[in-house]
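Survey of secondary and tertiary structure
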Amino acid sequence: MKRILLFIDSLGAGGAQRQLTGLAVMLKRRGYAVKVVTYYDHPFYKYILDDDGCEYECLNVDSKLCLPRLVRCIRKFKADVLISYQTDPNALACVAAALTGVKLIVSERNTHLSIGLKDRLIFRLYRLADSVVPNSYSEGDFIRDNFKFLKNKISVISNFVDLDLFTPKGGGAGRPRRILVVASVKASKNTKRFIRAVGRAKERGADIDVTWYGVNPATTDLPANVRYADECAKLASQLGLDGCVRLLPKRRDIQAAYREADIFCLPSLFEGTPNVICEAMASALPVAASRVCDNAHYVKEGVNGMLFNPGDIDGMADVLVRMAAMADDELVLWGRRSRKLTEELCSAETFVGKYIKIIDSL
């Protein structure tokens, strides 16, 4: 069996980190020798590796000084394949692969809407990779259209969901409708417009209650995000929404939060394959989401949810009003359809099987 080294910036509370730790565990269970390496010590998801006895090492060094240690780690572990997630780790992995000869799979987690200088440099570095794995169909199309020299290396692998962990709550919908959002509180997640939309929905009589899990500790978040989160809290207060809009810290047992909700919402300005939509669907929740990137691949209008323009506050409010007014049995039916779609599109077996196919081909 090949020896697999998986590389990412940290094991912090992000979607890429959750996917990489899950991939490590799945590969280990299938007999591969596996090790996970990071350069920042944020161990939010380390327990997943610990539970399955996956080897883990934190290099405890800034990314700019990481390359020599990564090269030594690859050689010491005698890795056959290096799998990297996220932009900066991908760039480091490309150089490390060139220096060590290890086979390289880079996972492209971004959703590009335009191309900057850094993007051009990164995608040119991907020439050094053996396989490029976007996690969204929209990003796969973007790379093929703009970097044709990579088109034969691209394999789209959507995110997986643990269908045993994220399960339906049982029972029907409640009143007020409990709306759940799981996303970092920052500008790209569109929190301010969403808060305004909630205010307008309530003005129109919507009986809703909102919990947003996504506030990062000030010690680990960017200053701009900390300021933005403070501004969002003040906005909710100014609109008189203190009692029905709660912005709370990220939650490790998020599966319990899904089971407490009636409707899931993700108002982001852009997404790739959003873990949280897939988790919500696996938990049998109907979904309201912005009409961007791959969201329409998972949220089928009038089948298991509704889509809206993330820049249109009134349109967002209209969706909240309409879904809040739906009959209990109709919401439950949409939730069941969500679960069925997730079983078809996002199983762990499909996810790891696609990676193994690439690994075995190298």
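Because the structure is a prediction, the values reported are computed rather than measured. Every chain's residues receive numbers from 1 upward, in the order its sequence appears when written. The predicted origin of the model limits local features to residues at a pLDDT of at least 70 and limits the giving and counting of side-chain atom pairs to 80 or more, whereas totals for whole chains, interfaces and linings rest on all residues. Each side-chain value is derived from all of the structure's non-hydrogen atoms; neither hydrogens nor water enter the calculation.

Let us look at unusual backbone geometry. Looking along the chain, the bond that leaves arginine 175 and enters proline 176 is cis, with omega of -5°. Along the chain, proline 176 falls in the loop between helix H6 (137-146) and strand E7 (177-182). Of note, the phi angle at asparagine 190 is positive, near 70°, even though the residue is not glycine. Summarising the element assignment, asparagine 190 is placed in the loop between E7 and helix H7 (191-203). At alanine 284, a position not held by glycine, the phi torsion is positive, near 65°. Examined against the element boundaries, alanine 284 turns out to sit in the loop between helix H10 (275-282) and strand E11 (287-290). Helix and strand assignments come from DSSP, with helices taken as H or I runs of at least 4 residues and strands as E runs of at least 2, each series counted from the N terminus.

Throughout this description, buried means an accessible area under 20% of the type-specific maximum (1.4 Å probe, protein chains only), exposed means over 50%, and partly exposed covers the range between. Along E7, 5 of the 6 residues are buried, which leaves the element largely enclosed by surrounding structure. Two strands pair if DSSP finds at least two bridges between them. Bridge analysis of E7 against strand E8 (residues 208-215) gives 6 bridges, and the strand direction is parallel. If you follow arginine 177 over to E8, its bridge partner there is isoleucine 208. Crossover handedness for the path E7 to H7 to E8: right-handed. The handedness of a crossover follows from its direction of travel: if, with the strands pointing away from the viewer, the path from the first strand over the helix to the second runs clockwise, the crossover is right-handed.

Moving on, we come to empty space enclosed by the protein. Grid spacing is 1 Å over the protein atoms alone, the probe is 1.4 Å, and a cavity is where that probe fits but cannot get out, while a pocket is an open set with protein on both sides within 12 Å along at least five of seven lines and lining residues have an atom within 4 Å of a point. Grid points are joined across faces, edges and corners, and a volume is the space filled by probe spheres set on the points. Per the stated rule, a full pass over the model turns up 1 cavity of 30 Å³ or more. Its volume calculated, the largest cavity comes out at about 30 Å³. Residue composition of the lining of the largest cavity, by class: 3 nonpolar, 1 polar and 3 charged. When residues are sorted by character, Ala, Val, Leu, Ile, Met, Phe, Trp, Tyr, Cys and Pro go into the nonpolar class, Asp, Glu, Lys and Arg into the charged class, and all the rest, Gly among them, into the polar class.

To continue, consider the sheet that holds E7. Taken together, the 6 strands give an open sheet; going across it, the order is E9-E8-E7-E10-E11-E12, and neighbouring strands pair in parallel fashion. Looking at the sheet topology across the chains shown, the edges are occupied by strand E9 (245-249) and strand E12 (305-308). Strand-to-strand twist across the sheet, computed as the mean angle between neighbouring axes with direction ignored, equals 20°. Direction of pairing for E7 relative to strand E10 (residues 263-266): parallel, over a ladder of 2 bridges. Along E10, the bridge assignment pairs isoleucine 179 with isoleucine 263. Working rule for contacts: check all heavy atoms of both residues, and any pair within 4.5 Å makes them a contact. To get an axis, a line is fitted to the C-alpha atoms, and for a helix only the part in contact is used. The angle between two axes follows their N-to-C directions and goes from 0 to 180 degrees. Against the sheet, H7 contacts E7, E8, E9 and E10, and its axis sits at roughly 170° relative to E8.

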